[in-house]
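Spelled out from the first residue to the last, the chains are:
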Amino acid sequence: MTTWNRGEDLPMLGDDLIDRIRAHAAHAAHPDDDELGVAANDLLHELFSGYPVENLARLLRAGDDTCVRTGTWLLSELGERAAPMTGELPALLAHPLRHVRFFALDVALVNGRHGDVLAPALKLAQDPEAAVRWKALSFLAGASQDQLAAGAARLEAGRVRDLTEWLAGRPASRDVVARLGDPDLTTRLFAAAAAARLAAEDTGPLEVAAAAEDREISSFASERLGSSR
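The structure reproduced in this document is the subject of the present report. Please read all numbers here as calculations on a predicted model, not as lab measurements.

Concerning the overall build of the chain
For step 1, the next point in the chain: Scanning the chain for helices and strands turns up 14 helices and zero strands.
For step 2, the next point in the chain: Shown N-terminal to C-terminal, the secondary structure of the chain runs as helices and strands in the order α-α-α-α-α-α-α-α-α-α-α-α-α-α.
For step 3, the next point in the chain: C-alpha atoms of the chain, sized along the principal axes, occupy 60 × 35 × 30 Å.
For step 4, the next point in the chain: Within the span of the chain, comprising 229 residues, buried residues form 48% of the whole.
For step 5, the next point in the chain: In the chain, 66% of the contacts between residues at least 6 apart in sequence involve partners at least 24 apart.
For step 6, the next point in the chain: When the accessible surface of the chain is summed, it comes to about 11,200 Å², and 49% of that surface belongs to carbon and sulfur atoms.
For step 7, the next point in the chain: Of the charged side chains in the chain, 24 are positive and 35 negative; the average position of the first set lies 5 Å away from that of the second.

Quick word on the pattern of salt bridges
For step 1, the next point in the chain: All told, the structure shown has 11 salt bridges when counted by the stated rule.
For step 2, the next point in the chain: In this structure, the salt-bridge partner of Glu129 is Arg98, at a minimum N-O distance of 3.4 Å. Of this pair, Glu129 sits in the loop between helix 7 (115-123) and helix 8 (130-142) while Arg98 sits in helix 6 (residues 98-111), and the two are 31 residues apart along the sequence.
For step 3, the next point in the chain: When its relative accessible area of 39% is taken as the criterion, Arg98 is described as partly exposed.
For step 4, the next point in the chain: Note that Arg161 is salt-bridged to Glu165, the shortest N-O span being 3.3 Å. Placement of the pair is Arg161 and Glu165 together in helix 10 (residues 159-168), with a separation of four residues, close to one helical turn.
For step 5, the next point in the chain: The class of Arg161 is partly exposed, set by a relative accessible area of 27%.
For step 6, the next point in the chain: Given the relative accessible area of 42%, Glu165 is considered partly exposed.

Describing the packing of helix 7 against helix 9 (residues 145-153)
For step 1, the next point in the chain: Contact geometry for helix 7 and helix 9: axes closest at 7 Å, N-to-C directions at 90 degrees. In terms of their interaxial angle, helix 7 and helix 9 are classed as roughly perpendicular. Residues Gly115, Leu118, Ala119 and Leu122 of helix 7 form the contact with helix 9, whose participating residues are Gln147, Leu148, Ala150, Gly151 and Ala152.
For step 2, the next point in the chain: A per-class count over the contact of helix 7 with helix 9 returns six nonpolar, three polar and no charged.

Focus on the side chain of Thr70
For step 1, the next point in the chain: Looking at the element boundaries, Thr70 is found in helix 4 (residues 65-77).
For step 2, the next point in the chain: When its relative accessible area of 8% is taken as the criterion, Thr70 is described as buried.
For step 3, the next point in the chain: Excluding residues within four positions of it along the chain, Thr70 makes contact with Ile21, Leu36 and Ala40.

Quick look at the side chain of Thr186
For step 1, the next point in the chain: Its location among the elements puts Thr186 in helix 12 (residues 185-198).
For step 2, the next point in the chain: Leaving out residues up to four positions away in the same chain, Thr186 has contacts with Ala125, Gln126, Arg159 and Leu163.

Here's the deal with helix 2 (residues 34-48)
Residues that lie three or four places apart on an α-helix share one face, since the helix turns once every 3.6 residues.
For step 1, the next point in the chain: For helix 2, built from 15 residues, the straight-helix expectation of 21 Å at 1.5 Å per residue is met to within 8% by its first-to-last C-alpha distance of 21 Å.
For step 2, the next point in the chain: Considered for burial, the residues of helix 2 that qualify are Leu36, Ala39, Ala40, Leu43, Leu44, Glu46 and Leu47. Viewed along the axis of helix 2, the buried residues span an arc of 160 degrees, placing them on a single side of the element.

Description of the nonpolar core
For step 1, the next point in the chain: Core analysis: the biggest nonpolar cluster contains 71 residues, and Leu43, Leu56 and Leu75 have the highest contact counts within it.
For step 2, the next point in the chain: Sort the elements by how many residues they give to this core and helix 12 lands first, with nine residues.
For step 3, the next point in the chain: Excluding residues within four positions of it along the chain, Leu56 makes contact with Leu43, Leu47, Gly71, Leu74, Leu75, Leu78 and Met85.

What counts as what
- Residues numbered from 1 in each chain as written.
- Predicted model: local features only at pLDDT ≥ 70, side-chain atom pairs only at ≥ 80, totals over all residues.
- Heavy atoms only, no water.
- Helix = DSSP H or I, 4+ residues; strand = E, 2+ residues; numbered from the N terminus.
- Buried < 20%, exposed > 50% of the residue type's maximum accessible area, 1.4 Å probe, protein only.
- Contact = heavy atoms within 4.5 Å.
- Areas by Shrake-Rupley, 256 points an atom, 1.4 Å probe, with all protein chains shown as cover.
- Lys, Arg positive; Asp, Glu negative; His and termini not counted.
- Charge placed at Lys NZ, Arg CZ, Asp CG, Glu CD.
- Salt bridge = Lys/Arg side-chain N within 4 Å of Asp/Glu carboxyl O.
- Axes fitted to C-alpha atoms, helices over the stretch in contact; angles between N-to-C directions.
- Parallel < 35°, antiparallel > 145°, perpendicular 65-115°, else oblique.
- Nonpolar A, V, L, I, M, F, W, Y, C, P; charged D, E, K, R; others polar.
- Expected span 1.5 Å × (residues − 1).
- Arc of directions from axis to C-beta.
- Core = buried A, V, L, I, M, F, W, Y, C linked by side-chain atoms within 4.5 Å.

Written as C-alpha cells, this is what we have:
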C-alpha cells in the first residue's frame, strides 16, 4: 500500500481519483459498479485528510449524472467540511436526478444559512419522489428556527411558505395533531416534522403520527419515536 506523507501529495492523489471517476462515468457500461465505489470512498478519505473540497466542482459541474450524484454524495458525507460548496446547492436541490436532490438536502441541513439555499430545500417537501419527500421531512424536523425563518423569507406566497412559518412558530401539540389528519400531504408532512421537533417535551403528537394510515408519515414518526426513548 502506498503511504502519502507529504501535503503536496494530497492534491495529486485527489485529482487522480476525480479523473478516474469522471473517466469511469463517461466510458463504463455500468457506472455504479465496485470500481466507482472504491474510487469515491478513496476520494472521501482524501477529502477528510485535507484535499480541498472545492475541487469537487469538477464532479458537480461535469454534466454527467453519475459524476454529479457521486459529488453530491461526497458533500453529504463531509458534514461541515462541505460549507465552501453551498453555492452549488440551489442547482443540486433542483437537479432532475432524485439521488442528487436527496443527498443535497443533507448538505443544506448542515450548512445552509441563507434563503437562496434553504428555500429550495423547503420546496422539496412537495417533491414527486417519496424518497426525496422523506429526506425533506428529516430536513424540516432538524432545521433550526433561523434556517426555517431564512428559508420562508425567500419563498413565494403559498402553502410551503405558510407551513414553514407555522413550523417556525413552534406550534402547540393540539394544532400539530389536528394537521396530522389534514387531507393535504404537504400539510401532514409539516405536521409530522413539528411532532418530531416537539418530541423532547411531548411525544404525544409523534405517537399519533406513528399510528397514521399514511405510511410515509407513520414510518418516519415510528423511527423518530424509537430514537426519542
